[in-house]
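Take a look at the letters that make up each chain.
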Number of protein chains: 2
Amino acid sequence: MYKAKAYAASSATSPFASTTIQRRDPAEHDVQIEILFCGICRSDVHQARNEWANVMPTVYPCVLGHEIVGRVTRVGSAVTKFKPGDLAAVGCLVDSDGTCPECKAGFEQFCPNWVGTYNFPDKHLGGVTFGGYSDSIVVTERFVLRVPSNLNLAAAAPLLCAGITTYSPMRHWGVGKGKKVGVVGLGGLGHMGVKFAHALGAHVVVFTSSPGKKGDALCLGADEVVISKDANEMNKHAGSFDFILDAVAASHDINAYINMLGRDGNLTMVGAPPEPLPVGVFGLLIRRRSFSGSLIGGIAETQEMLDFCGKHNITADVEVIPIQKLNEAYDRLVKSDVKYRFSIDMASLKSE
Amino acid sequence: MYKAKAYAASSATSPFASTTIQRRDPAEHDVQIEILFCGICRSDVHQARNEWANVMPTVYPCVLGHEIVGRVTRVGSAVTKFKPGDLAAVGCLVDSDGTCPECKAGFEQFCPNWVGTYNFPDKHLGGVTFGGYSDSIVVTERFVLRVPSNLNLAAAAPLLCAGITTYSPMRHWGVGKGKKVGVVGLGGLGHMGVKFAHALGAHVVVFTSSPGKKGDALCLGADEVVISKDANEMNKHAGSFDFILDAVAASHDINAYINMLGRDGNLTMVGAPPEPLPVGVFGLLIRRRSFSGSLIGGIAETQEMLDFCGKHNITADVEVIPIQKLNEAYDRLVKSDVKYRFSIDMASLKSE
């Protein structure tokens, strides 16, 4: 074991503060990574504030962060894919059983024994896993990803959650050239959705309730912007979409977007409103539409996404902050006051 | 024009009674059919009682019925696929524009200009189209289907709506050998779903709230029956289905069935509850499940379904009635007091 610097919260209402945590020494298959940047995901805020108490109660002190990029500092004797000095990344998963049908099919995120990067039982050290708000992490090689060297590291960090969350359903539902794709909700997830849909060759339409976001949406790669409160504009697009990515995590009228879909069109939720959404069945029968969800992606697909980003030079739009501004960033994130993701420069942790 | 015998209702609260209607003389591309049997669909009841007043108000007098089988009596000069004496069938559609992308792709049911077999504007005679509760009908050749000669005609009639409605989504979502398929709701649609899923080689599980239906479900081809009120039984099957056909037209807890789906599993509604169904988004994110709808099928697929039925000797389980029992049958249908579909023997109309 060794000591690592970290920022932890000691209760649902405590601010994050500097602390020291234990990390395991890298075993045979482990990779030790010096964390250079870590994105802040909306899930981190929910977890910190114990807002998912019913399904995933938070164990305190908690060290969050699952959008991790850094540099390899040590590797175990059996590690073959990484050596010290390599760039490396870790997302939402740090382990799974590796033997179940889901793992074998490359869907580690659906493994019944998956281990999350934070707040999951830590079978090595006891307690729970600690995430990326830290200067170092040790992860089994199978869950460590390669980062294309051309990407800005601060801006690459959010790819590990916001990136794969939006890339995976687009690949699954066949987004590409000749397809008309909608993105609902222009935040951390939505802005990545726009970039991916554009890079995949689709005609991209952003739905937003704020006319002020129009320019930004176009800059991100949207071909059109529809103001969702404008019934005329909405009607013009009814029945015309192949795929819609809905990244809104609050309750909203989902039928308005289902009605935008053409035959065999799919709307995939990547946000998770806490309350059930009322879905009109007639809207699904007509044109054989489908309504579905998607959750991050498997390890192989996450690597595919990173490689795609390398090839197309795609990263998130980030505001880089020192870790001392973490609490303030949480408050701003809740108000959607960021374009479009915070990325913590972990060099700032050295002064703690 | 010529006169045909029919049963019509003159208002939402009137019983059906014998009457005479006008049919057009067959033009160049038309096929005239002597109707031998016509199934009674739950939609007929909604239409007769004007229960869809908001979306499809009923024009009275109405002649309903869209599960029609009979024998060709005359054909227009340009008709090539049928000759007098041939068996023929007509389903829910009697026309479409033939030129839109939906028609060109074989999805006439999604054509913006489709013409329903009843209660749609009749461009030939004015008024609205009259359906199968009649001794004769004239339909353009493109919407007339061939009936395999080995099928019992009375029992084949419901294939034209209940059959295609359940066959189409199963084909679309890949039901076949090695797949685990659920059917919710063992009525006119559901019992056809069981037969098709079984014939397609799937492992078929019927969900029912009535233990009394267990024997019937097994006879129809189910491999297992789950009593939906039994939480233990339900839990045993959680996360294990590839496809579920939901034929329940009333509000019900759809999340209980979505949770039965495995990775990439799909639940398709073929019933249409009037109220929106609350859908929990977490249940969709996990395992990338999808929730969708399906509406009858196109003409080519309806023919494919009939040919499949001929090959596998599949028909509906019907109770054959004379048309004089039509009103009584409606009342029984609303109470689900039929196994599983009424088929009207149109010979009974001769005595009117």
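Residues numbered from 1 in each chain as written. Chains lettered and ligands numbered in written order. Predicted model: local features only at pLDDT ≥ 70, side-chain atom pairs only at ≥ 80, totals over all residues. Heavy atoms only, no water.

Looking at helix H5 (residues 188–199) of chain B
All names here are of chain B. Heads up, the condition is: Segments assigned H or I by DSSP are reported as helices when at least four residues long, segments assigned E as strands when at least two residues long, and all are numbered from the N terminus. Expected helix span is given by 1.5 Å per residue-to-residue step, counting one fewer step than there are residues. Per-residue accessibility, obtained with a 1.4 Å probe over protein chains only, is compared with the maximum for each type, and a residue is labelled buried under 20%, exposed over 50%, and partly exposed between these values.
A rise of 1.5 Å per residue sets the reference length of H5, with its 12 residues, at 16 Å; its end C-alpha atoms lie 17 Å apart and thus fit the reference within 8%. Counting buried positions over the 12 residues of H5 gives 10, a clear majority of the element. The complete set of buried residues in H5 reads Gly188, Leu189, Gly190, His191, Met192, Gly193, Val194, Lys195, Phe196 and Ala197. Gly201 sits one or two residues past H5 and shows a positive phi near 95°.

Looking at the relation of the copies chain B and chain A
Counted only if it meets this: For the least-squares superposition of copies, only C-alpha atoms count, and only for residues with pLDDT at least 70 in both. Residue contacts follow a heavy-atom distance rule, with two residues in contact if any of their heavy atoms lie within 4.5 Å.
When chain B is fitted onto chain A, the two copies agree to an RMSD of 0.0 Å after a turn of 180° and an axial shift of 0.0 Å. Taken together, the rotation and translation describe the operation of a two-fold axis. By C-alpha distance to the rotation axis, the residue of chain B lying nearest is Pro278 of chain B, at 2.0 Å. By residue overlap, the copies meet face to face through one surface: 100% of the interface positions of chain B are interface positions in chain A.

Here we look at the pattern of salt bridges
Under the convention used in this document: For salt bridges, the criterion is a side-chain nitrogen of Lys or Arg within 4 Å of an Asp or Glu carboxyl oxygen.
Tallied over the entire structure, the rule returns 30 salt bridges over all chains. Here Lys339 of chain A and Asp216 of chain A are joined by a salt bridge, their closest N and O atoms 2.7 Å apart. Note that Lys339 of chain A is positioned in the loop between helix H11 (326–334) and strand S17 (341–345) and Asp216 of chain A in helix H6 (residues 214–220), a separation of 123 residues in sequence. Overall, Lys339 of chain A belongs to the exposed group, its relative accessible area being 53%. You can call Asp216 of chain A partly exposed: its relative accessible area is 24%. Salt-bridge contacts for Asp331 of chain B lead to Arg49 of chain B; the nearest nitrogen and oxygen are separated by 3.0 Å. Of this pair, Asp331 of chain B sits in helix H11 (residues 326–334) while Arg49 of chain B sits in the loop between helix H1 (42–48) and strand S4 (68–75), and the two are 282 residues apart along the sequence.

Looking at empty space enclosed by the protein
Any empty space left between atoms is shown by rolling a water-sized probe over those atoms. For clarity, the threshold we go by: Cavity means a closed set of points on a 1 Å grid over the protein atoms alone, one where a 1.4 Å probe fits but cannot get out, pocket means an open set with protein on both sides within 12 Å along at least 5 of 7 lines, and lining means a residue has an atom within 4 Å of a point. Grid points are joined across faces, edges and corners, and a volume is the space filled by probe spheres set on the points. Charged means Asp, Glu, Lys or Arg here, nonpolar means Ala, Val, Leu, Ile, Met, Phe, Trp, Tyr, Cys or Pro, and polar covers whatever is left, Gly included.
Taken as a whole and assessed by the stated rule, the structure comprises 2 cavities of 30 Å³ or more. Lining the largest cavity, in full, are Gly91, Cys92, Leu93, Phe143, Leu145, Leu160, Ile164, Ile296, Gly297, Gly298, Ile299 and Thr302 of chain A. Broken down by class, the residue content of the lining of the largest cavity amounts to 8 nonpolar, 4 polar and no charged. Approximately 60 Å³ is the volume attributed to the second largest cavity. Surrounding the second largest cavity, Gly91, Cys92, Leu93, Leu145, Leu160, Ile164, Ile296, Gly297, Ile299 and Thr302 of chain B form its lining. Considered class by class, the residues forming the lining of the second largest cavity number 7 nonpolar, 3 polar and no charged.

So, the packing of helix H4 (residues 162–172) of chain B against H5 of chain B
Residues and elements named next belong to chain B. Note the threshold: In this analysis an axis means a line fitted to C-alpha atoms, helices contributing only their contacting stretch, and an angle means the value between N-to-C directions, from 0 to 180 degrees. Any angle that is under 35 degrees is reported as roughly parallel, and any over 145 degrees as roughly antiparallel; angles of 65 to 115 degrees are reported as roughly perpendicular and all others as oblique. Throughout, a crossing is termed right-handed when the near helix is turned clockwise from the far one, and left-handed when it is turned anticlockwise from it by less than a right angle.
Packing of H4 against H5 leaves a shortest axis separation of 8 Å and a crossing angle of 50°. It follows from the interaxial angle that H4 and H5 lie oblique. By crossing handedness, the relation of H4 to H5 is classed as right-handed. Contact with H4, carried on its side by Ala162, Gly163, Thr165, Thr166, Tyr167 and Met170, involves Gly188, Leu189, Met192, Gly193, Phe196 and Ala197 of H5 and no other residues of that element. Looking at side-chain class alone, the contact of H4 with H5 contains 7 nonpolar, 5 polar and no charged residues.

Section: the interface of chain B and chain A
Note the cut-off: Summed over both partners, the accessible area lost on bringing two parts together, with a 1.4 Å probe, is the buried area. Polar contacts here mean pairs of N or O atoms no more than 3.5 Å apart (in protein, one a potential hydrogen donor and the other a potential acceptor; neighbouring residues in sequence count only if both atoms are side-chain atoms).
Contact with chain B, which involves 34 residues of that partner, is made by 34 residues of chain A. Taking both partners together, chain B and chain A bury about 3100 Å²; carbon and sulfur atoms supply 69% of that area. When the buried area of chain B at its contact with chain A is split by residue, Arg263, Leu285 and Arg288 of chain B rank highest and sum to 23% of it. At the surface where chain B touches chain A, the tally comes to 2 salt bridges. Here Glu102 of chain A ties to Arg263 of chain B by a salt bridge, and the two come within 2.5 Å at their closest N and O atoms. On inspection of chain B and its partner chain A, the count reaches 9 residue pairs in polar contact (both at pLDDT 80 or more). Elements that contribute at least two residues to the side of chain B that touches chain A include exactly helix H2 (101–104), H4, strand S13 (261–269), strand S14 (277–279), helix H9 (281–285) and strand S15 (290–293) of chain B. Residue classes in the side of chain B that touches chain A are distributed as 20 nonpolar, 8 polar and 6 charged.

As for the pairing of S17 of chain A
Residue and element names in this part refer to chain A. Quick note on the threshold: A strand pair is defined by DSSP finding two or more bridges across the two strands. Clockwise travel from the first strand over the helix to the second, with the strands pointing away from the viewer, marks a crossover as right-handed.
Taking burial as the measure, the 5 residues of S17 include 4 buried ones, the bulk of the element. Bridge analysis of strand S3 (residues 30–40) against S17 gives 4 bridges, and the strand direction is antiparallel. In the strand pairing of S17, Cys38 is matched with Ile344. In terms of strand pairing, strand S16 (residues 318–322) meets S17 through 5 bridges, oriented parallel. Residue pairing in the sheet places Pro322 in a bridge with Asp345 of S17. Viewed along the sheet, the connection from S16 through H11 into S17 turns out right-handed.

Let's talk about the domain arrangement of chain A
Residue and element names in this part refer to chain A. Put simply, the test is: Marked domain ranges trace back to an automatic or database domain assignment.
The domains assigned to chain A are domain 1 (2–161 + 297–351) and domain 2 (163–293). Spacing between the C-alpha centres of domain 1 and domain 2 amounts to 28 Å. On the domain 2 side, the residues contacting the 19 residues of domain 1 number 17 residues. With both sides pooled, the region where domain 1 packs onto domain 2 buries about 1600 Å², and carbon together with sulfur makes up 59% of that total. Residue Lys195 is joined to Asp317 by a salt bridge in which the shortest nitrogen-to-oxygen separation is 2.6 Å. Applying the counting criterion to the domain 1 and domain 2 interface returns 14 residue pairs in polar contact (both at pLDDT 80 or more). Its residues assigned to classes, the side of domain 1 that touches domain 2 shows 10 nonpolar, 4 polar and 5 charged.

Examining the environment of Pro278 of chain B
For Pro278 of chain B, the position within the fold is in strand S14. The exposure class assigned to Pro278 of chain B is partly exposed, which follows from its relative accessible area of 43%. Among all residues touching Pro278 of chain B, those that are not within four sequence positions of it are Pro276, Leu277 and Pro278 of chain A together with Ile254 and Asn255 of chain B.

Here's the deal with the packing of aromatic side chains
This is how it is decided: We call Phe, Tyr and Trp rings a pair once their centres come within 6.5 Å, taking the six-membered ring for Trp, and we label the pair stacked below 30 degrees between planes, edge-to-face above 60, and tilted otherwise. Look at NZ for Lys and CZ for Arg. If either is within 6 Å of the ring centre and within 35 degrees of the ring normal, a charge sits over the ring.
In this structure the tally under the stated criterion is 18 aromatic pairs over all chains. The interplanar angle of 75° and the centroid separation of 5.2 Å between the aromatic rings of Phe207 of chain A and Tyr257 of chain A together place this pair among those described as edge-to-face. In this pair, Phe207 of chain A sits in strand S10 (residues 203–208) while Tyr257 of chain A sits in helix H8 (residues 254–258), placing the two residues 50 residues apart along the sequence. Centre to centre, the rings of Phe16 of chain B and Tyr330 of chain B are 5.3 Å apart; their planes meet at 65°, and the pair counts as edge-to-face. Taken together, the residues span a long stretch of sequence, with Phe16 of chain B in the loop between strand S1 (2–8) and strand S2 (17–23) and Tyr330 of chain B in helix H11 at a distance of 314 residues. The same class applies to Phe16 of chain B as to Tyr330 of chain B, namely buried. Members of the aromatic cluster, each reached through a chain of ring pairs, are Phe16, Tyr133 and Tyr330 of chain A. Across the ring face of Phe241 of chain A, the terminal group of Lys180 of chain A is positioned such that the distance to the ring centre comes to 4.6 Å.

Observations concerning the side chain of Lys180 of chain A
Residue and element names in this part refer to chain A. Structurally, the position occupied by Lys180 is in strand S9 (residues 180–184). At a separation of 2.9 Å, a polar atom in the side chain of Lys180 contacts the side chain of His237. A polar contact of 2.8 Å, which involves the side chain of Lys180, links it to the side chain of Ser240. If sequence neighbours within four positions are ignored, Lys180 has contacts with His203, Val205, His237, Ser240, Phe241, Asp242 and Phe243.

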